[in-house]
Every structure is written in C-alpha cells, then in structure tokens.
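Secondary and tertiary structure notes
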Amino acid sequence: MRLEGKVAIVTGAGQGIGAATARKFARDGAIVVVCDLNRDAVSEMVDACREAGGVAEGFSIDVSNRHAVDDMVASVLDTYRRIDILVNNAGITRDARLQKMTLQQFDDVIDVNLRGVFHTTQAVVDTMIEQGAGVILNASSVVGIYGNYGQTNYAAAKFGVIGFTKTWSRELGPKGIRVNAIAPGFIDTPILSTVPDEVIARMREQVPLRRLGKPEEIANIYAFLASDEASYINGAVIEASGGMTL
Ligand code: NAP
C-alpha cells in the first residue's frame with residue numbers, strides 16, 4: 001500500500017473532500033489524524049477510516065485557533081513520534097460582492113482558509129525538517145487562479161495558498177519536504193449547499209465533462225501527491241476542474 005505506516009493529518013476531514021481523502025488515505029495504509037470543527041463528524045470519520053482498514057485518531061479543533069493546532073500536533077507526536085503528511089483542506093465560504101462584504105465575512109474566510117493553513121504548517125514543519133522528509137498539500141481552488149464573482153475573501157485566501165505553496169516548496173525542498181497544491185473546480189460537496197440549483201446547472205454547463213467533480217476524484221490526487229510516486233513534484237498547483245477553465 002502506497003501510504004503504508006505514514007502519519008497523515010487531514011484538516012476539515014469531517015465531510016466533503018477531506019472526508020474522502022481521510023478514507024482514501026486509510027485504505028492506502030496511512031495512520032490518519034482526522035481534524036475537523038464538528039465533533040460528531042470527527043468520530044464518524046475515525047470509525048470510517050478504521051472500517052477501511054486504517055489506523056485513525058480524531059481531533060475536534062478549529063484550525064484558526066493556534067493553541068488548539070499546537071496541542072493537536074503535540075498529541076500526535078506524543079503517540080506516533082512523526083508526521084509524514086499534512087493535508088491543509090479545511091475551508092469555508094462567506095460570499096458577497098465587494099461592496100456588500102462585511103469585515104466579519106472577510107476575516108472569517110482569511111482566518112480559516114489562509115491563517116489556518118499557516119498555523120498547521122508552521123506547527124508540523126520542525127518535525128518534518130528533523131525527519132528530513134515530509135509532504136504538505138494545500139487546498140487552493142480555480143478561484144485562487146482566476147478569481148470569482150462574489151468571492152473577494154475566498155479568492156484572496158486561495159491565491160494566498162498558492163503563494164504559500166510556491167514559497168514553502170522553495171524553502172523546504174532542500175530539506176526533503178515537498179509542498180504542492182490542488183486547485184479543484186466545482187466539486188459536489190456540502191460547500192455548494194448554499195448555491196442555488198440553477199447556478200449549479202450553469203456550472204455543469206461550463207465544464208467540458210458536463211458534470212461536477214466527486215470528492216473521491218480530488219482525494220485520489222491527494223493520495224498520489226502524498227505518495228513516493230510523486231517524488232519529483234514540488235511547488236505544483238494541480239488543477240482538477242474537468243477542463244472548466246479552458
Ligand atoms: P466542505 O464540504 O464544506 O468541508 C469542509 C470541512 O472543513 C467541513 O467538515 C468543515 O467543518 C471543516 N472546517 C471548516 N472550518 C474549519 C475550521 N476552522 N477548522 C477545522 N475544520 C473546519 O468543503 P469541501 O468542498 O470538501 O472543500 C474542502 C476544501 O477544498 C476547502 O478548502 C475548499 O475551499 C476547497 N475547494 C472546494 C471546492 C468545491 O467545489 N467543493 C472547489 C475548490 C476548492 P464544519 O462542517 O463543521 O464547518
């Protein structure tokens with residue numbers, strides 16, 4: 001199994017892409033650390049990972065809370081003594097046009113989608129440097145490449161995540177750590193639950209494959225990037241959008 005024995009932290013693993021990634025990693029032999037805000041979702045996912053044949057442990061934490069992140073990492077190190085993979089997947093939307101966006105909406109998205117990625121990565125990086133090995137995978141978006149109407153806050157965060165990815169791949173590559181990002185298009189997860197049906201239908205039409213992506217299709221890419229099969233991929237932003245940006 002390609003992630004056999006690897007200790008992998010997945011944030012936002014309670015549902016959607018993060019849950020699919022946790023399950024996939026468990027099937028591929030990883031020891032999965034399930035992190036999410038939602039306590040019930042964490043315990044369900046831990047059970048699901050164990051049922052998939054993996055070892056799993058859960059933490060109900062908010063990635064924008066640095067103390068909580070540090071405590072989670074300390075606990076993982078106490079138990080497993082290493083951290084091989086970090087998937088910075090937790091993310092939220094608080095959409096509004098520029099003129100209507102409140103400071104709260106702006107701050108909420110920056111705190112989780114950008115600052116949260118900084119917190120978790122800074123919390124694990126010394127361990128990965130000591131190991132001389134590690135993989136950091138960041139959730140960007142096609143919105144982090146092209147922008148999107150009504151998503152000033154989200155676009156800023158997702159462009160920022162690409163900035164992190166490029167910067168960290170330069171800083172950490174010489175230390176044996178690979179850093180990459182995925183830029184999904186429209187993926188069928190609860191994050192789209194506030195999007196009206198007619199907008200979803202228009203999204204589908206924009207995609208040459210004429211469908212939304214499945215969370216498992218992104219999880220498969222995370223699993224590949226996390227594995228040694230991707231050993232020469234560093235600083236990349238892999239777009240997975242069914243060709244919607246062509
Ligand atoms: P999702 O279904 O909404 O799942 C996100 C998960 O993150 C939820 O379980 C959520 O918990 C958790 N979360 C939110 N805030 C958190 C925090 N502060 N600390 C810890 N966990 C937190 O979203 P998704 O569609 O799977 O998206 C996953 C990632 O991919 C996000 O970064 C998103 O921006 C990115 N992405 C998604 C799409 C798409 O079309 N779906 C496209 C491009 C990029 P609660 O449910 O308790 O809030």
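None of these values were measured; they are calculated from a predicted model. (Residues numbered from 1 in each chain as written. Predicted model: local features only at pLDDT ≥ 70, side-chain atom pairs only at ≥ 80, totals over all residues. Heavy atoms only, no water.)

A few words on the environment of N89. Mapped onto the secondary structure, N89 falls in the loop between β4 (85-88) and α4 (103-131). Remark: the alpha-carbon pair of N89 and V7, spanning 82 residues in sequence, is separated by 16 Å. (Helix = DSSP H or I, 4+ residues; strand = E, 2+ residues; numbered from the N terminus.)

Here we come to the nonpolar core. Counting 37 residues, the largest nonpolar core has I9, V33 and M72 as its most contacted members. Here M72 is in contact with I9, V33, C35, F59 and I61, once residues within four sequence places are set aside. Among the nonpolar cores identified, the runner-up in size contains 33 residues, and I85, V135, A139 and I218 belong to it. (Core = buried A, V, L, I, M, F, W, Y, C linked by side-chain atoms within 4.5 Å. Buried < 20%, exposed > 50% of the residue type's maximum accessible area, 1.4 Å probe, protein only. Contact = heavy atoms within 4.5 Å.)

Take the site of the ligand next. Close to the ligand lie 27 residues, the nearest being I17, D36, D62, Y154 and T189. Between the ligand and I187 there is a distance of 2.8 Å, counted from an oxygen atom to a backbone nitrogen or oxygen. At 2.4 Å from an oxygen atom of the ligand is found a side-chain nitrogen or oxygen belonging to T189. Here the ligand has 890 Å² of accessible area as a free molecule, and 90% of this is covered by the chains. (Near = heavy atom within 4 Å. Polar contact = N/O pair within 3.5 Å; in protein donor to acceptor, adjacent residues only side chain to side chain. Areas by Shrake-Rupley, 256 points an atom, 1.4 Å probe, with all protein chains shown as cover.)

Reading across the sheet, the seven strands line up as β3-β2-β1-β4-β5-β6-β7 and stay open at both edges, with parallel pairing between neighbours. Looking along the sheet, the strands with just one partner apiece sit at the ends: β3 (55-60) and β7 (237-240). Going from strand to strand, the sheet's axes swing by 15 degrees on average, the running direction of each strand aside. Alignment of strand β1 (residues 7-11) against β4, held across three bridges, turns out to be parallel. Among the inter-strand pairings, V10 is bridged to a residue of β4, identified as V87. Seen against the sheet, helix α8 (residues 215-226) touches β4, β5 (134-139), β6 (177-184) and β7 and runs at an angle of roughly 165 degrees to β6. (Pairing = 2+ DSSP bridges. Axes fitted to C-alpha atoms, helices over the stretch in contact; angles between N-to-C directions.)

Relative to the helices and strands, T120 resides in helix α4. Judged by its relative accessible area of 2%, T120 falls in the buried class. Taking C-alpha positions, T120 is 8.3 Å from V73, a pair spaced 47 residues apart along the chain. Engagement of the side chain of T120 in a polar contact is seen with the side chain of N88, the distance being 2.4 Å.

In this section: the side chain of Q151. Residue position: Q151 is located in the loop between α5 (143-146) and α6 (152-172). We classify Q151 as buried; its relative accessible area is 8%. The contact partners of Q151, leaving out residues within four places of it in the chain, are T93, D95, A96, V143 and A156.

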